[in-house]
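Here is what each chain is made of, one letter per residue.
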Amino acid sequence: MRSNSTMKAGTEPETLSKVCAVPAPTVLPHIPAPQRVAPADARELSKLFLQRLETVEEGTPEYQYVRNTLIEMNLSLVRYVARRFSSRRESMEDVLQVGTIGLIKAIDRYDASRDVEFTTLAVPYIQGEIKRFFRDTTWSVRVPRRLQELRIDLARAREELEGQGSHEPSVAELADHLDMPEDEVAEGLVACNGYDSDSIDRPIQAGGGGKQQTGLVADLIGTEDPALALAEDIQALKPHLAKLDDRERTLLQLRFGAEMTQTEIGEELGLSQMHVSRLLTRACTTLRKGLLAEG
């Protein structure tokens, strides 16, 4: 692909082809629009700039110019790698930014003395950063990295085993195929549930055709049963009730079990309503203090 851009070497303008033919220029070409340099020309110019980058002092204006020009010239390499992930739901702008980080790492770690093409190093760096981005951000629930990587191994193993037979492979079969303990495989299968999430308002479809709606996913989720808390309170009260005398337990049974009024309890036991009130208050205070002491 021919580049239409022209550059300057020293003070005299030259065409791009002439600049690329010079093996080691004393002064690097000035590139006014690095991102518009054709990929073929960018590869040749990158060799010159990478060699120069190793000789200039870090932090100087020349170092910044060389490094920034290298980044901008090779952004087409980032776009090339990013296109492989275009089917993902993440923003392509985010993918390009992450891929650029990989490109920068490749530039900073490139060793011109090893006589290796820059693209040979840059592509794996760019691809690795993008894959790491997907691995760390696409999970609905955060799980340890080893389980994220295990999900990929389990998916491949399931696909291979299903290709050999028609049934869903068991935990034991997956463990044998991957040469791993069954408990670790089981943990990985549970962690796989955290990769995707679904709305609890999603309708549940019945039948093979999936045309009949039977409710929502939220209908299958249980709610808190208030009776459970009551049962816990009753169990906690039992040892404290046992410490009360017979009259106090009888008063509590009539008031809260039979739901009698204080006047009715007084008539039943031959006590005044005021005396019944004092006895109930004392018994409830004793129980309350006992429960609070446990908490």
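Whatever comes next refers back to the structure up there.
Residues numbered from 1 in each chain as written. Predicted model: local features only at pLDDT ≥ 70, side-chain atom pairs only at ≥ 80, totals over all residues. Heavy atoms only, no water.

Engineer: Tell me what's going on with the overall build of the protein chain, and back it up with residues and numbers.
Structural biologist: For the protein chain, the helix and strand inventory stands at 13 helices and 4 strands. The buried share among the 295 residues of the protein chain stands at 29%. Long-range pairs, those at least 24 residues apart, make up 51% of the contacts in the protein chain with a sequence separation of at least 6. Of the roughly 19400 Å² of accessible surface on the protein chain, a fraction of 51% belongs to carbon and sulfur atoms. (Helix = DSSP H or I, 4+ residues; strand = E, 2+ residues; numbered from the N terminus. Buried < 20%, exposed > 50% of the residue type's maximum accessible area, 1.4 Å probe, protein only. Contact = heavy atoms within 4.5 Å. Areas by Shrake-Rupley, 256 points an atom, 1.4 Å probe, with all protein chains shown as cover.)

Engineer: Describe in detail the nonpolar core, supporting the description with residues and values.
Structural biologist: One finds Leu70, Met73, Leu103, Ile107, Phe118, Ile126 and Ile130 to be the most contacted residues of the largest nonpolar core, which totals 34 residues. Considering each element in turn, this core owes the most residues, 7 residues, to helix α6 (residues 118-137). Counting 11 residues, the second-largest nonpolar core is a separate cluster that includes Leu252, Leu254, Leu279 and Ala283. (Core = buried A, V, L, I, M, F, W, Y, C linked by side-chain atoms within 4.5 Å.)

Engineer: Could you give an account of unusual backbone geometry, with specific residues and numbers?
Structural biologist: Non-glycine residue Asp179 carries a positive phi angle of around 55°. Inspection of the secondary structure puts Asp179 in the loop between α8 (171-178) and α9 (182-192).

Engineer: Explain helix α5 (residues 92-109) residue by residue, including any values.
Structural biologist: The end-to-end C-alpha separation of α5 is 26 Å, in line with the 26 Å expected for 18 residues at 1.5 Å each. Val95, Val98, Gly99, Thr100, Gly102, Leu103, Ala106 and Ile107 are the residues of α5 that are buried. (Expected span 1.5 Å × (residues − 1).)

Engineer: If you had to explain the environment of Leu121 to someone new, which residues and values would you point to?
Structural biologist: With respect to the element layout, Leu121 can be found in helix α6. Between the alpha carbons of Leu121 and Lys105 there is a distance of 9.8 Å; along the sequence they are 16 residues apart. Leu121 has contacts with Ala106, Arg109 and Tyr110, leaving out every residue within four places of it along the chain.

Engineer: Hey, could you go over helix α3 (residues 61-73) for me, with residue numbers and the actual values?
Structural biologist: The end-to-end C-alpha distance of α3 is 18 Å, a good match for the 18 Å that 13 residues give at a rise of 1.5 Å each. Those residues of α3 not exposed but buried are Tyr63, Val66, Arg67, Thr69, Leu70, Ile71 and Met73. The secondary structure elements touched by the buried residues of α3 are α2 (39-53), α4 (75-82) and α5.

Engineer: How would you sum up the packing of helix α10 (residues 226-241) against helix α13 (residues 273-294)? Please name residues and give values.
Structural biologist: Where α10 meets α13, the closest approach of the two axes is 10 Å, and the angle between their N-to-C directions is 120°. By the criterion of interaxial angle, the relationship of α10 to α13 is oblique. Between α10 and α13 lies a crossing whose hand is right-handed. Facing Ala236, Leu237, His240 and Leu241 of α10, the residues of α13 in contact are Leu287, Gly290, Leu291 and Glu294. (Axes fitted to C-alpha atoms, helices over the stretch in contact; angles between N-to-C directions. Parallel < 35°, antiparallel > 145°, perpendicular 65-115°, else oblique. Left-handed = near helix turned anticlockwise from the far one by under 90°.)

Engineer: Before we move on, could you go through the packing of helix α11 (residues 246-257) against α13 and cite the residues and values that matter?
Structural biologist: Helix packing geometry: the angle between the two helix axes and the distance between the axes. Where α11 contacts α13, the two axes come as close as 10 Å, and the packing angle between them is 100°. Taken together, the axes of α11 and α13 are roughly perpendicular relative to one another. Of α13, the residues touching α11 (which contributes Arg247, Glu248, Leu251, Leu252, Arg255 and Phe256) are His275, Val276, Leu279, Leu280, Arg282, Ala283, Cys284 and Leu287.

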